[in-house]
Amino acid sequence: MRHAFAIARRELRSFFVSPIAYVVVTIFAFLSGAFFSNMLVYYVKQSTIADRQIALVGRSDFQLDVPTMFLGEFFKNESFILLLVLPLLTMGLITDERRKGTLELLLTSPLRPGELVAGKFLGAMAFLSVMLAPTVPLFVFLALGGAWEPGVVLASYIGLLALGGAQIALGLFVSSLCENILISAFGTYGVLLILHFVDTSATIARSIWVDFINFFSFNFHYLNFTRGVLSLGDVIYFATYMALGLFLTQRSIEAIRFKRS
Amino acid sequence: MISVQQLTKKFGRQVAVDSLTFEVQKGEVLGFLGPNGAGKTTTMRMVTGYLPPSGGRVRIDGYDLYDHPIEVKRRIGYLPENPPVYPELTVRQYLEFVAEIKDVPVSRRKAAVDRALERAQLQEVRDKRVGKLSKGFKQRVGLGQAIVHEPPVLILDEPTSSLDPKQRVEVRHLISQLKGEHTVILSTHILPEVSEIADRVFIINRGRVMAVDSPANLSDRLRAREMVTVQLRIPGRVGPGDSGKLCEEVRSAFAALQGVGDITVQPDDDAVTVKLESAVGVDLRPEVAPLVVGRGWQLLGLAADSLSLEQIFLTLVSDENEEARLPPSRAERASASLAEAFGEGGKPRTTSQVDGGGKLMGGSAGL
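Conventions and cut-offs
Residues numbered from 1 in each chain as written. Chains lettered and ligands numbered in written order. Predicted model: local features only at pLDDT ≥ 70, side-chain atom pairs only at ≥ 80, totals over all residues. Heavy atoms only, no water. Helix = DSSP H or I, 4+ residues; strand = E, 2+ residues; numbered from the N terminus. Buried < 20%, exposed > 50% of the residue type's maximum accessible area, 1.4 Å probe, protein only. Areas by Shrake-Rupley, 256 points an atom, 1.4 Å probe, with all protein chains shown as cover. Pairing = 2+ DSSP bridges. Contact = heavy atoms within 4.5 Å. Axes fitted to C-alpha atoms, helices over the stretch in contact; angles between N-to-C directions. pLDDT = per-residue confidence, 0-100. Patch = residues over 30% accessible without salt bridge, like charges linked within 9 Å, V, L, I, M, F, W, Y side chains within 5 Å. Salt bridge = Lys/Arg side-chain N within 4 Å of Asp/Glu carboxyl O. Phe/Tyr/Trp six-rings, centres within 6.5 Å; stacked < 30°, edge-to-face > 60°. Lys NZ or Arg CZ within 6 Å of the ring centre and 35° of its normal. Parallel < 35°, antiparallel > 145°, perpendicular 65-115°, else oblique. Left-handed = near helix turned anticlockwise from the far one by under 90°. Nonpolar A, V, L, I, M, F, W, Y, C, P; charged D, E, K, R; others polar.

Q: Sorry if this is basic, but what is going on with the overall build of chain A here?
A: Broken down by element type, chain A carries 13 helices and zero strands. Counting from the amino terminus, chain A carries its helices and strands in the arrangement α-α-α-α-α-α-α-α-α-α-α-α-α. Each of the three principal axes of chain A carries a C-alpha extent, and together these read 75 × 45 × 30 Å. Across the 261 residues in chain A, those meeting the buried criterion constitute 49%. Carbon and sulfur atoms make up 70% of the accessible area of chain A, which totals about 12400 Å².

So this is what it looks like as structure tokens:
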């Protein structure tokens, strides 16, 4: 595993040498902040209206659980941003190594393909963590305001990391298949979008299929985290995708060696 | 140090490397010479463990590549055709990374990087981004990368291609300095280069060894000669009949010329083609016309081909025909006729013939 850390460190270093990393982190922080404040203002307004209704007529049309609803919406949006950003992050992971010829260096070094894949994955996960870090102060701010649900926030962050991990692992695999970075990006978008939103098909499916379709959806499992539900099943679900992605990447890298050029 | 047996690589039905067998002794520099697509890169990739072979064995320092890939890879420094660099890292960062994945222990890592910087003459650019460097420097970074873990074996794939002549000389100089400390396999398609650096040269084409020799013997062998091609017609002697006698007559006529070397006579349906060899600087053409006319023959064509080192090399490696090779010496011609007598038995057994004794392996020399 020593080699994996070396590769992860190199990966992270290369990310932060290029301006792309800073742009991505900045935009992610900005969007998160904007969603956060917009939604916070929206729910505060809603609750004000509800309060007024109660004061006037003694009851409200709204069933509000502001902290939970707000957090649910916010983390749902965060998952959409991840869906947009992560394929751009993973598209080059193996594709670039192939293009630059550095894959030849790595595969002629005394390391196992598994260590290479693990290193790549860890590097991208570290980047994801760096990207998520600027959103943490938002919740410090929320906590200062008094009303917040630390359990839901924690579960949601675990959910984001789990979802991001699965997306990275699959993106890594697609990247190992592609010699062209654009194909790698679009391929990853395709795979991830389908897996994310396949639960929308469940709404029109016959009842026996609903659970089956939902089971495959990233979104379906991820939303459980944002509701503050930390179930072993959802964790295993995402862990399985990670393991599958990493395993396939390793096989795929072995296969690259059999190819010409 | 390096032992390769029956190494074969097939891509689909195409055979890229055809049961190659060779040994490289400790401290020796072996040059791979061949045109692009000859199988040099494929061979090197197999020896370094990047490309899995279709057949055959590779042993480095006593370790079998298949059984102990990690041990073997630790002992090899490899510079692929394009230096495998991360342009966004500085030279030092890059070498540190390579040292780390090549298992240089932490305590020795800094010293190893410093040594590689010094050996590859990279001190002046050590804190520059690799992507900003010139091609020559990038190539040196590639060399630095190959030597940073002080491997006993160095494998360099066309280390000087894509460089300008000045950089080429510098890199060549660097490589010759690495001689002795490392066992080196080096590929190139540049003849003088290999003769400058290598102790022993393999000429390979289409995955097969065409010749093995020391550079001195090889350049002796491949030295330029003058060649004149004469086409003539002998009136009254049309048709294939009695061609043996005719050939003898033509040969003896031309043998009388001053300075002529080997003569090849080839009768066609109604003409005879004669190839005359001579030493460099001897031009036979002025003598040819009077001789032909004096005999009462008709001169159809007269052309001079000067075979340079490169051209001979090209004929050796680029001809579709396996028999294509140097004009045979007398001894070889004898063995060639023997080979003809034995038919298929005289076919070259190229790979098993690597005796280092300076024999050309093409054609029928395998007998």
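Q: Explain the pairing of strand 1 (residues 2-11) of chain B to me, please; I cannot follow it from the model alone.
A: Each regular strand displays side chains that alternate between the two surfaces of the sheet. All names here are of chain B. Taking burial as the measure, the ten residues of strand 1 include seven buried ones, the bulk of the element. Two strands pair when backbone bridges link them, and strand 1 and strand 2 (residues 14-24) are joined in this way by seven bridges, in the antiparallel orientation. By the bridge assignment, leucine 7 is partnered in strand 2 with leucine 20. Counted along the chain from strand 1 to the antiparallel partner strand 2, the turn is two residues long, and its residue glycine 12 has a positive phi close to 60°.

Q: Could you clarify how one ought to interpret the sheet that holds strand 1 of chain B in this entry?
A: Residue and element names in this part refer to chain B. Taken in spatial order, the four strands line up as 2-1-4-5 in an open sheet, and their pairing is antiparallel. The open sheet terminates on both sides in strands that have one partner only, identified here as strand 2 and strand 5 (63-64). Bridge analysis of strand 1 against strand 4 (residues 55-60) gives five bridges, and the strand direction is antiparallel. Paired with serine 3 across the bridge in strand 4 is arginine 59. Its contacts with the sheet place helix 1 (residues 40-47) against strand 1, strand 2 and strand 4, and it is angled at close to 120° to strand 1.

Q: Honestly, the confidence of the model for chain A in this entry has me stumped. Any pointers?
A: Do not read the predicted coordinates in detail wherever pLDDT is low. Overall, the prediction assigns chain A a mean pLDDT of 89, with 98% of residues at 70 or greater. Per-element confidence in chain A is highest for helix 6 (residues 113-132) of chain A, whose mean pLDDT is 95, and lowest for helix 10 (residues 199-202) of chain A, whose mean pLDDT is 82.

Q: What is the right way to read unusual backbone geometry from this model?
A: All names here are of chain B. In this model, glutamine 6 sits at a positive phi of 50°, which is unusual for a non-glycine residue. Within the secondary structure, glutamine 6 is located in strand 1. The phi dihedral of arginine 206 is positive, around 45°, even though this residue is not glycine. You can call arginine 206 partly exposed: its relative accessible area is 35%.

Q: Is there a simple way to explain a nonpolar patch on the surface in this structure?
A: Judged by side-chain polarity, Ile208(A), Trp209(A), Phe212(A), Phe215(A) and Phe216(A) come together as a nonpolar surface patch covering roughly 560 Å² of accessible area. The residue Trp209(A) is located in helix 11 (residues 207-216) in this model.

Q: Is there a simple way to explain the packing of aromatic side chains in this structure?
A: Two aromatic rings are characterised by how far apart their centres lie and by the angle between their planes. Across all of its chains, the model carries 30 aromatic pairs over all chains by this definition. When the ring of Phe70(A) is compared with that of Phe74(A), the centres are 6.3 Å apart and the planes differ by 25°; the resulting orientation is stacked. Here Phe70(A) and its partner Phe74(A) are both found in helix 3 (residues 66-90), four residues apart, which amounts to about one turn of the helix. We note that Phe70(A), like Phe74(A), is buried. An aromatic cluster is defined as three or more aromatic residues linked by ring pairs; in this entry it consists of Trp209(A), Phe212(A), Phe215(A), Phe216(A), Phe218(A), Phe225(A), Tyr237(A), Phe238(A) and Tyr241(A). Positioned above the aromatic ring of Tyr86(B), the side-chain terminus of Arg10(A) is 3.7 Å from the ring centre. Here Arg10(A) stacks its cationic end above the ring of Phe97(B), 5.8 Å away from the centre of that ring.

Q: Explain the pairing of strand 13 (residues 272-278) of chain B to me, please; I cannot follow it from the model alone.
A: All names here are of chain B. Among the seven residues that make up strand 13, six are buried, leaving the element largely enclosed by the rest of the structure. Pairing analysis gives six bridges linking strand 12 (residues 260-267) to strand 13, with the strands arranged antiparallel. Paired with valine 265 across the strands is valine 274, a residue of strand 13. Joining the antiparallel neighbours strand 12 and strand 13 is a turn of four residues.

Q: Whenever I open this one, the packing of helix 12 (residues 218-226) of chain A against helix 13 (residues 232-256) of chain A confuses me. Can you help?
A: Helix packing for two helices is described by the angle between their axes and how far apart those axes are. Residue and element names in this part refer to chain A. Helix 13 packs onto helix 12 with a crossing angle of 135° between their chain directions and a minimal axis gap of 10 Å. What the angle tells us is that helix 12 and helix 13 run oblique. Once helix 12 is placed against helix 13, the crossing between them reads as left-handed. For the pair helix 12 and helix 13, the contacting residues are Phe218, His221, Tyr222, Asn224 and Phe225 in the first and Asp234, Val235, Tyr237, Phe238 and Tyr241 in the second. In terms of residue class, the contact of helix 12 with helix 13 is built from seven nonpolar, two polar and one charged.

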